[in-house]
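Inside the fold
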Amino acid sequence: MPSRKPPRESASGKWSDGETSTLIDAWGAARVRRQPHHLLLDDWRDTASAVNAHRRATGRRFNRTRSQCQTRIRTLKKRYKEELLKQPPSGWPHLRPLRAFLASPDGPPPGFPARTTPAVHVKQEVKEDEEVDGGGGLAASWTVPRRPRSAGAGTGREVFCPAAVVTKLAAVYERVELARIGAEKVKMEMEVQQAMLDAMKVEVEQ
């Protein structure tokens, strides 16, 4: 019987910044080329090949698999959305490259609900991951679909906001509100001090 080749061992461990940047560039180029459609199996294979070429150039022995590349992209998308809410920015090196492919050029600043951009982009990303790797995808992502203009006007259509969105937006609102209250408190203290100074000045003049 012909001998079967043992399965090739795949790379493991943490992704370096270099191979992550290579992954983003290869995946992003394929994503732009396929829009508005999702990535095909060959696209993911080419993406993995680009990553492995980088690994070989840096002396790495084993390759990243297509599945590992897909998982890494999902992780990066989740981290990207978390980074958008951080004030001040954390300086994560992959935020700017990802924004080039994930931010809508016609939409509002990243991290804010879209006003005119339809929710088809969100559905497209979910489909892209689910159809290629068999599930998981971005179903748990917190991107808020755009509210239809006719919503609330007797259409019967409802817009659902994931719990994660509510939590994140509540935290942002709380920080803004605390900052506003702090500013008002400082203003009131300054007014009290000014009133005391005015009173002392009047007493001295008398």
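Values in this document were obtained by computation on a predicted structure and should not be read as measured data.

For the rest of this paragraph, the subject is the confidence of the model for the chain. It should be kept in mind that the predicted coordinates are not to be read in detail where pLDDT is low. Averaged over the chain, the pLDDT score is 74; the fraction of residues at 70 or greater is 64%. When pLDDT is averaged over each helix and strand of the chain, the minimum, 44, is found for helix α5 (residues 120-133) and the maximum, 95, for helix α2 (residues 41-57). In this model residues 106-145 is a low-confidence stretch, pLDDT under 50, and it forms 65 contacts with partners more than four residues away in sequence or in other chains. Predicted confidence is poor over residues 147-155, with pLDDT under 50, and the contacts of this stretch with residues over four places away or in other chains come to 6 contacts.

Time to look at the environment of Arg96. Within the secondary structure, Arg96 sits in helix α4 (residues 95-102). Its relative accessible area of 72% is what places Arg96 among the exposed residues. It is 9.3 Å that separates the C-alpha atoms of Arg96 and Tyr80, two residues lying 16 residues apart in sequence.

Further remarks concern the packing of α2 against helix α3 (residues 66-84). Their axes nearest at 9 Å, the elements α2 and α3 cross at an angle of 90°. Classified by the angle their axes make, α2 and α3 are roughly perpendicular. Here Leu41, Trp44, Arg45, Ala48 and Val51 of α2 lie close against α3, whose contacting residues are Arg66, Cys69, Gln70 and Ile73. Its residues assigned to classes, the contact of α2 with α3 shows 6 nonpolar, 1 polar and 2 charged.

As a rule of thumb, nonpolar side chains are buried together in soluble globular proteins. Ranked by size, the top nonpolar core spans 18 residues in total, and within it Leu23, Trp27, Leu76, Tyr80 and Leu98 carry the most contacts. Elements with a contribution of two residues or more to this core: α1 (17-34), α2, α3 and α4.

Further remarks concern the packing of α1 against α2. Relative orientation and spacing of two packed helices are given, respectively, by the angle between their axes and the distance between those axes. Interaxial distance between α1 and α2 falls to 9 Å at its minimum, and their mutual angle equals 155°. The angle between α1 and α2 places the two elements in the roughly antiparallel class. As for how α1 packs across α2, the hand of that crossing is right-handed. Judged by residue contacts, Gly18, Glu19, Thr22, Leu23, Ala26, Trp27, Ala30, Arg33 and Arg34 of α1 engage Asp43, Trp44, Thr47, Ala50, Val51, His54 and Arg55 from α2. Looking at the contact of α1 with α2 residue by residue, the classes come out as 7 nonpolar, 4 polar and 5 charged.

Procedures and definitions
- Residues numbered from 1 in each chain as written.
- Predicted model: local features only at pLDDT ≥ 70, side-chain atom pairs only at ≥ 80, totals over all residues.
- Heavy atoms only, no water.
- pLDDT = per-residue confidence, 0-100.
- Helix = DSSP H or I, 4+ residues; strand = E, 2+ residues; numbered from the N terminus.
- Contact = heavy atoms within 4.5 Å.
- Buried < 20%, exposed > 50% of the residue type's maximum accessible area, 1.4 Å probe, protein only.
- Axes fitted to C-alpha atoms, helices over the stretch in contact; angles between N-to-C directions.
- Parallel < 35°, antiparallel > 145°, perpendicular 65-115°, else oblique.
- Nonpolar A, V, L, I, M, F, W, Y, C, P; charged D, E, K, R; others polar.
- Core = buried A, V, L, I, M, F, W, Y, C linked by side-chain atoms within 4.5 Å.
- Left-handed = near helix turned anticlockwise from the far one by under 90°.

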